[in-house]
Amino acid sequence: MSFTIALAGNPNCGKTTLFNALTGASQRVGNWPGVTIDKKVGKIKGTDSELVDLPGIYSLSPYSPEEIVSRNFIVDEQPDAIINIVDATNLERNMFLTLQLIDMGRPMVVALNMMDQIEALGDRIDIAHISNCLGVPVVPISATKKDNIDVLIEKVMSVAENKTVPDIIEYDHSIETVVSQARSALYGKVPDESKRFYAFKLIEDDPAVNEIAPGARESISQYIDALEKEYDDSADSIIADSRYSKITSIVSRAYTKAPRDDKGTLSDRIDRIVTNRILGLPIFAAIITLVYFIAMYDGDWGTSPGAWATGWLNDFIGDEVIPAVAEWCEASGVSEVLTGLLCDGILNGVGAVIGFLPQMIVLFICLVILEEVGYMARVAFVMDRIFRYFNLSGKSFIPLLVGTGCGVPGVMACRTIESEADRRITAMTVTFMPCGAKLPVIAAITAALAGAWWVGVLAYFGGIVLVILSGIILKKFKHLAGKPAPFIMELPPYHAPGFYTCAKSVFDRSWAFVKKAGTIILLTMVLIWTLSHFTLGFEFIDPDEDMGESILAAIGGALAYLFMPLGWGDSWELAASSLTGLVAKEDLIGTLAVVLGAASDEAEDVGEMLAMLLSNSAILSFFAFNMYCAPCFAAIGAIHRELGTWKHTGIAVAYQCLLAYFVAIIVYVIAGSIFGDPIDWYSYVFAAIDAIILVYLLVSKDPFRQLGKDSKEAEFA
């Protein structure tokens, strides 16, 4: 038979790992909360049943978007059974959700995960006792090692087929009396099998239940008042305390702990150092610096693995592949136009992007290892102190971590933030972080500055600084104002990274980059080559001649004046490449390879081309603008889904571009002063004006009203 099974559990309890083990899928796994931000569907191996992976939640109270997704699915879709995955190392916290799920009256199995860690600690859990107390089957498993997965599938299929609902867990007589009255008040308004769950929610004054059954709570208010008077507490607190008391009584008899070291676990001892109030941030900065050093460095101290591999691949493409294809085309009588398109357009453009793949792989390996061991979760904890100082939530840093892989899931991860204002601000700013698509840009700028490995570090921490500054500025809008929501996150224990998990994650990210190069980037390079080799009259331009009469030159030339204060001169090539970067950030490098490659016989790669064309300060301004301006089209689409309207999306994109422009001018002037590069007077003027505007927006308590705007017009709504 075919069933629909819901997979529910707390954040970071191994839910996605179990989903992959049950379905054979390869959903992303991370050692921090909030990896699953929407429900995912897969087919359970060996069955015709569907498994729905719900976002991690601590309870069924709809306080955050992911809790609403999970609750609505269980309530509205009524799955045939629920697998409640529970972290065996933290039973008390995890079982609060278990008790709520039992009240929903759906067939259910508890999967007691991380039993391998329990055994490693020397602890013992009485599975039979927990099962008897809860009235549901309990299966001890290890999702990582895939232990007992077959038993779990067998149990959940059995309860789904037999429609075996959990036994009722009873609380104090006074509470049960009020629950009985609440059930009567909800008669005919909610599903019968979930009436007990709704009764508790009615007593707790849940807004969603009050909307379903208006007036129901008022009809039993005398019973609720009597309960609150008896316990001298609010109704929701009374019920929560009763649940935890029940959990404590179960766990105290079922869980036997082995003797512990007085100094704490290894994770505790490491955390005293890496999350230290003083040392935490410097350690984080040192680790990120080391990561980019390993991936990017090429200088007096030698060549890093990433830089060496990238150099070899670029040489192979430029010295072996392209000449061989050009020779074959000539020998086969292929027309000059098609030869140019294939060699100068596709192979040169796409090859310039693919050439940076080794550095990306090295960087991905380092970042994935940091995620897997559990360090990146500590970074969110460390950054919360800094973010909170600027009236931002540390929970906003989780999407920033996700965004270093790709901006699209980074924007989607904003859904885990409870505060709507913080969620919208984070969605608007998360793409400031250097995603995988920006790594070729970082690598090219590094090469242009003679192996300046610190460019990657600057991109990473510059993104964080812009997120903080943007948070301060955007909080000045009335609609986005307010104090940040409390950031509560359980720090997962450190563990050795699994080879398969790390390899799979690195492969997925790298393969996504390669697929993008073979589709979007390839098509863009064909378009760019066509626009750069044909005039407005659609006459072909010989590759050895100047492309200044081309269609692309006309487009780039119109935009070039905007970038003259940034030190780019009247280069239409740089303006045009920045424009194509909106399609995909990698296109920026491919476009430069196409439009500059034909004009330069001395430069071997894009970095050298930039070094010949621009001063060091102008290279940095080019880097700053393209690193922090509007993201690719896919990320803009994700921002639109989070903000809700194209008007707000347009405002977000305009804000990103304007801020990047301001930052690029300021970087150009400061770097030019340091390097001694000649700078035009108007760049100083623009930089001074931009700096004054930014300082004003940061310092003024209500800058938009003081600018003469009506408060309603200044709202971001």
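If you're wondering where the values come from, they're calculated on a predicted model, not measured in any experiment.

1. Quick notes on the overall build of the chain
Across its full length, the chain carries 34 helices and 10 strands. Radius of gyration (C-alpha) of the chain: 29 Å, near the 27 Å computed for a compact globule of 717 residues. By its C-alpha atoms, the chain is 90 × 65 × 55 Å across when sized along the principal axes. Residue burial in the chain is summarised as follows: out of 717 residues, 56% are buried. By sequence separation, contacts in the chain at least 24 residues apart represent 71% of the contacts at least 6 residues apart.

2. Here we look at the packing of helix α22 (residues 439-448) against helix α23 (residues 454-474)
With their axes 8 Å apart at the nearest point, α22 and α23 run at an angle of 135° to one another. The pairing of α22 with α23 is recorded here as oblique in orientation. Where α22 crosses over α23, the two elements pack in a sense that is right-handed. Of the residues in α23, those in contact with Ile442, Ile445 and Thr446 of α22 are Val455, Gly456 and Ala459.

3. Considerations on unusual backbone geometry
Positioned with a positive phi, glutamine 78 is a non-glycine residue whose angle comes to about 50°. Looking at the element boundaries, glutamine 78 is found in the loop between α2 (65-77) and β4 (81-87).

4. Re a negative patch on the surface
A contiguous patch of negative charge on the surface is contributed by Asp232, Asp233, Asp236 and Asp241. With respect to the element layout, aspartate 232 can be found in the loop between α11 (221-231) and α12 (235-254).

5. Topic: empty space enclosed by the protein
Following the criterion strictly, the structure yields 3 cavities of 30 Å³ or more and no others. Roughly 40 Å³ of internal volume is contained in the largest cavity. What lines the largest cavity is Phe387, Leu392, Ser396, Ile425, Thr426, Thr429 and Val467. The element contributing the most residues to the lining of the largest cavity is helix α21 (residues 420-429), with 3 residues.

6. Considering the side chain of glutamate 642
Mapping glutamate 642 onto the fold places it in helix α30 (residues 633-643). Under the relative-accessibility criterion, glutamate 642 is labelled buried at 18%. Apart from the residues lying within four places of it in its own chain, the contact partners of glutamate 642 are Val411, Met412, Arg415 and Ala427.

7. Remarks on the pattern of salt bridges
A full pass over the atoms with the stated rule returns 13 salt bridges. Ionic pairing is found between aspartate 48 and lysine 43, a salt bridge with its closest N-O pair at 3.5 Å.

8. A look at the confidence of the model for the chain
The predicted model of the chain averages 83 in pLDDT, with 92% of residues at 70 or higher. Here helix α34 (residues 711-714) stands out as the least confident element of the chain, with mean pLDDT 44; strand β5 (residues 108-113) is the most confident, with 94. Note on residues 27-37: pLDDT is under 50 here. Beyond four places in sequence and across chains, it has 50 contacts. Predicted confidence for residues 706-717 stays below pLDDT 50, and this span has 19 contacts to residues more than four positions away or in other chains.

Calculation criteria
Within each chain, residue numbers correspond to sequence positions counted from 1 in written order. Two thresholds apply to this predicted model, a pLDDT of at least 70 for residue-level local features and 80 or more for giving and counting side-chain atom pairs, whereas whole-chain, interface and lining totals are computed over all residues. Remark: hydrogens and water are excluded; side-chain values derive from all non-hydrogen atoms of the structure. Helix numbers and strand numbers start at the N terminus; a helix is a DSSP run of H or I with at least 4 residues, a strand a run of E with at least 2. C-alpha atoms define the radius of gyration in this analysis, and the globule rule sets the expected value at 2.2 Å times the number of residues to the power 0.38. Three exposure classes are used, based on accessible area relative to the maximum for each residue type with a 1.4 Å probe and protein chains only: buried under 20%, partly exposed in between, and exposed over 50%. The contact criterion used is simple: two residues touch if any of their non-hydrogen atoms lie within 4.5 Å. Angles run from 0 to 180 degrees between N-to-C directions of axes, and those axes are lines fitted to C-alpha atoms, restricted for helices to the stretch in contact. Roughly parallel refers to an angle under 35 degrees, roughly antiparallel to one over 145, roughly perpendicular to one between 65 and 115, and oblique to any angle outside these ranges. Throughout, a crossing is termed right-handed when the near helix is turned clockwise from the far one, and left-handed when it is turned anticlockwise from it by less than a right angle. Distance thresholds for patches are 9 Å for like charges and 5 Å for nonpolar side chains (Val, Leu, Ile, Met, Phe, Trp, Tyr), applied to residues having over 30% relative accessible area and no salt bridge. For the area figures, the Shrake-Rupley method with a 1.4 Å probe applies, and any residue is considered shielded solely by the protein chains shown. Whenever a carboxyl oxygen of Asp or Glu lies within 4 Å of a side-chain nitrogen of Lys or Arg, that contact is scored as a salt bridge. The convention is simple: Lys and Arg are positive, Asp and Glu are negative, and His and the chain ends are not counted. Every charge is mapped onto a representative atom, which is NZ of Lys, CZ of Arg, CG of Asp or CD of Glu. Here a cavity denotes a set of grid points, spaced 1 Å apart and computed over the protein atoms alone, in which a 1.4 Å probe fits but from which it cannot get out, and a pocket denotes an open set meeting protein on both sides within 12 Å along at least five of seven lines; residues with an atom within 4 Å of a point are reported as lining. Grid points are joined across faces, edges and corners, and a volume is the space filled by probe spheres set on the points. Confidence of the predictor at the level of single residues is given by pLDDT, which spans 0 to 100.

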